[in-house]
Every structure is written in structure tokens, then in C-alpha cells.
Amino acid sequence: MSPSAGGLVVFLLSVQVIQSQDGWGVNYRQTDVCAAKGSTVNIICDYTYPPGIYYYDIKDRFWFTKEKDGEPVDLTTDSEYSGRVEYTCYSKSCYLTIRDVRESDSAEYKFTFMTNKPGEKYTGSPGVTLSVTGLQVQVRRSASTWLELTCHSSCVLSDRAEYYWYKNKEYFMTGSSLLVSSGSTDRYSCYLTGYWNQRSPAVYGPQRPSVSVSPSAEMLEGGSVTLTCSTDANPAANYTWCKAHRTSDPHLFSEEPQLVFSSIQSSDSGNYSCTAENQLGRKTSDFISIDVKYGPQRPSVSVSPSAEMLEGGSVNLTCSTDANPAANYTWYKEHEDSPRASGQIFTITDFTAEHSGNYYCEAQNEMGRSNSTLRLITSSGKSHSFFCSLTHYINNPAKEVTHSKRGL
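Residues numbered from 1 in each chain as written. Predicted model: local features only at pLDDT ≥ 70, side-chain atom pairs only at ≥ 80, totals over all residues. Heavy atoms only, no water.

Caption draft 1: The side chain of Asn365, seen in detail. In this structure, Asn365 sits in strand E34 (residues 357–365). Take Asn365: its relative accessible area is 9%, and that puts it in the buried class. At 2.9 Å, the side chain of Asn365 forms a polar contact with the backbone nitrogen of Met367. Those residues within four positions of Asn365 in sequence are excluded, and the remaining contacts are Tyr294, Gly295, Pro296, Ala323, Asn324, Pro325 and Ala326. (Helix = DSSP H or I, 4+ residues; strand = E, 2+ residues; numbered from the N terminus. Buried < 20%, exposed > 50% of the residue type's maximum accessible area, 1.4 Å probe, protein only. Polar contact = N/O pair within 3.5 Å; in protein donor to acceptor, adjacent residues only side chain to side chain. Contact = heavy atoms within 4.5 Å.)

Caption draft 2: Layout of the state of the cysteines. The full count for this structure, using the stated rule, is four disulfides. In this model Cys89 forms its disulfide with Cys94; the gap between the sulfur atoms is 1.8 Å. There is no disulfide at Cys45, and the cysteine sulfur nearest it, in Cys94, is 5.7 Å away. Assessed through its relative accessible area of 0%, Cys45 is described here as buried. We note that Cys242 lacks a disulfide partner, and the nearest cysteine sulfur, in Cys274, lies 9.6 Å from it. (Disulfide = S-S within 2.5 Å.)

Caption draft 3: The arrangement of the environment of Arg208 in detail. With respect to the element layout, Arg208 can be found in the loop between strand E19 (188–192) and strand E20 (210–214). Owing to a relative accessible area of 49%, Arg208 belongs among the partly exposed residues under this scheme. In this structure, the C-alpha to C-alpha distance between Arg208 and Thr284, residues 76 residues apart in sequence, is 6.1 Å. Among the polar contacts made by the side chain of Arg208, one reaches the main-chain carbonyl oxygen of Thr284 at a distance of 2.9 Å.

Caption draft 4: Spotlight on the confidence of the model for the chain. Put simply, the chain has an average pLDDT of 82, and 81% of its residues get 70 or more. Strand E36 (residues 383–392) is the least confidently modelled element of the chain, averaging 41 in pLDDT, while strand E10 (residues 93–98) averages 96, the highest of any element. Note on residues 1–18: pLDDT under 50 across the span, and 54 contacts to partners over four residues away in sequence or across chains. Note on residues 381–408: pLDDT under 50 across the span, and 110 contacts to partners over four residues away in sequence or across chains. (pLDDT = per-residue confidence, 0-100.)

If you want it as C-alpha cells, here you go:
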């Protein structure tokens, strides 16, 4: 089943306006014209001139909307109307016909005429206001699971005007409105009788949003990171951002298309998603993982066993820090160039007085390094006691941001 083409539809407010002066006059048969985009419009006027002037004295007559150097510009010479404008004039009447009207044609149209005597001319002002409107689909929730779509024009339509609905570019049904289920993935548009080359923009729910990160390269702590959510939807979608939590529901973070970290911190690491929603449906993006990398924080050193112990026993020194990626550890003794050990735990076996002194562990990754110093003191006799701790922080660690995606 397919609709048949109908006739042209032009909407007129038929109120005559007569502009006259000393026998000169222009009578517009309508003051306002409202037309659907793509239609053909006729604007009509009747004009008069004083006695003693005859029809063959009229040298020129035309319609215009613009002036150049104080003189009206004939519509037939305006490139914006090329091939779409025609005058039909006879006796003391003149018709202006505009085909395939565009929204840019909305303007005030005036008629002017002049005789073969210099300076003898007249323009009817004010003129006729043309308003060109396109069709739009308005969406209204009818029930919890149903939406009402209405084909709308700002013109006052005649009772004979008919609308045709298309679903995914195929003819669907006739009528000024229809009901669709909420969350439908179809695209709906409407046509007005007679204008198959002109239709309303289609309305549809959001497609699955995509998320981009800027900048995508490494950056120092305190830099700005922007996540941008985008989708294709009509009406335009509203956005919400959520951060996933392991032990609770996602936390609402923002309600803007962009989520901006003006000074990103390690605590901002996590999985983020955005949801796009309009009256016809909603879709959520894949998670995007934000991983803030940073150099080692100030290390802490522990000693085991922590009680006094006999000489000849073992001592375990453990170095710990917070870093991303994980730090590598190296142990040094003061005044020695070569490292004593590598790894998070340094074990001293057969502990003696010779082992007394300052030890420090250095934690390092590609973003930075830091160290802490521990003093081991051996008392005389069979036991030792410790420790005095000194800490040095080397190379204020830089931080960087990486991101990856995974599906929901």
C-alpha cells in the first residue's frame, strides 16, 4: 500500500491591505502567507495609478524583498530564487509565484511599479509576510510503555491536509499521529500530502554511545583529562556518567556530554560509562577504564623480628610503597656503591656488629623513584636493638593516564 500524491497546500490569511496615495495604490489580497516547505506559493496584488497614466505607460513592475543602494532588487534577478520565481501580470493585477519554497524564503514581499517618466514610481508598503515551515515529529509519552508521535506544522492546516508516516523509510500508515512502544529502535518520519520530496526529520532513540578520551597521550599529574560521550539520536539525547564500584551500584558522576577532570588524581582511576537517553529510548556505552599511573610514594620499612634477638640470627627488612605500575626495589648500605640486594625483602643472615649502619631501600618505576633509610644498631653482648628511621624522597614522581575499553 502506498499513498497517492495530493494537491498543493498553501495557507492564507485573506485580509486585504490597501496602500494608496494621490491615486497611486497597491492592494495586497492577503497580509500573511504560511506555507509548507517544498510547496508552491502565490501572492497576489492589485495596483492603481492616477488618471492620465495608461497601461502602456507602466515601464516596469516586480516583487522584491531586498534593497541595494536604496533601490529594490527584482526577485527574478536574485540568485537565491533562480528558476523558482515567476510573475503573471495583466491589467492592474500581478501574481508572484514561488515554487519549492524554502525556509530561507521567509520574508516580507513588496510590489513596486514605475512609469516611463523619471522618478514616477510607487511601492506598496508594508508588504506580505511569508512564513515557510518544515514538518516536525513531536514526541509525547502516552503511557508507561507507549509514546505518541504527532506530525506538526506551525501553519494552520486545512481540514483536507493528510499526513503519511514512514518507518525506516518505508510507508507505514496514514494519520496525524501514531503510537509506538517506548524503547523502539525504529526511525519514524512524516510527509504532508503532495510533498514527497519534503519530509520531517526522522525521530529515533539513541544508538550505543561512543566515548573518546582527550588527550590520549601520557600526562603529568594535575593535567586535564576530558571524556566525551557522543551518540546519534533525534530528539537530542541527554547524557549521564557513572563510575563503577565493586561493592555497590554505579555512582552518578555527571549529567553533561563531557566529563572533565581539571586536575586528575590517582583516586580518579576506575571504570566509567555514559548513558544517552531521549523520549524514545536509552543506551549505555561500553566501560572505559581510566588508569592513573604514578611514581612510588614514600616507602615504609619494617623489620622482622621486631623484638631483640641474638647475634647470629636473621633479620628481614621489608620495603613497601604505593605505585602504579608496581615498583621495583633495590637495597643499599650507606657508603657502598653496589646494591646489597634487590626485591621487596632484604634478609641479613648471621647478624653481627659489622652489619650495623644505615640501610636504605629505593623504590622505582618508569614514573619516578623514592627511598627510605633505616638505621640498624647492634648492642654489645648477645643482643641488638633497632632502629632509627630516616626518609628521603627522590624525584617528585610524575603521573600518567592510560585508558582501555571492555564490553558491558
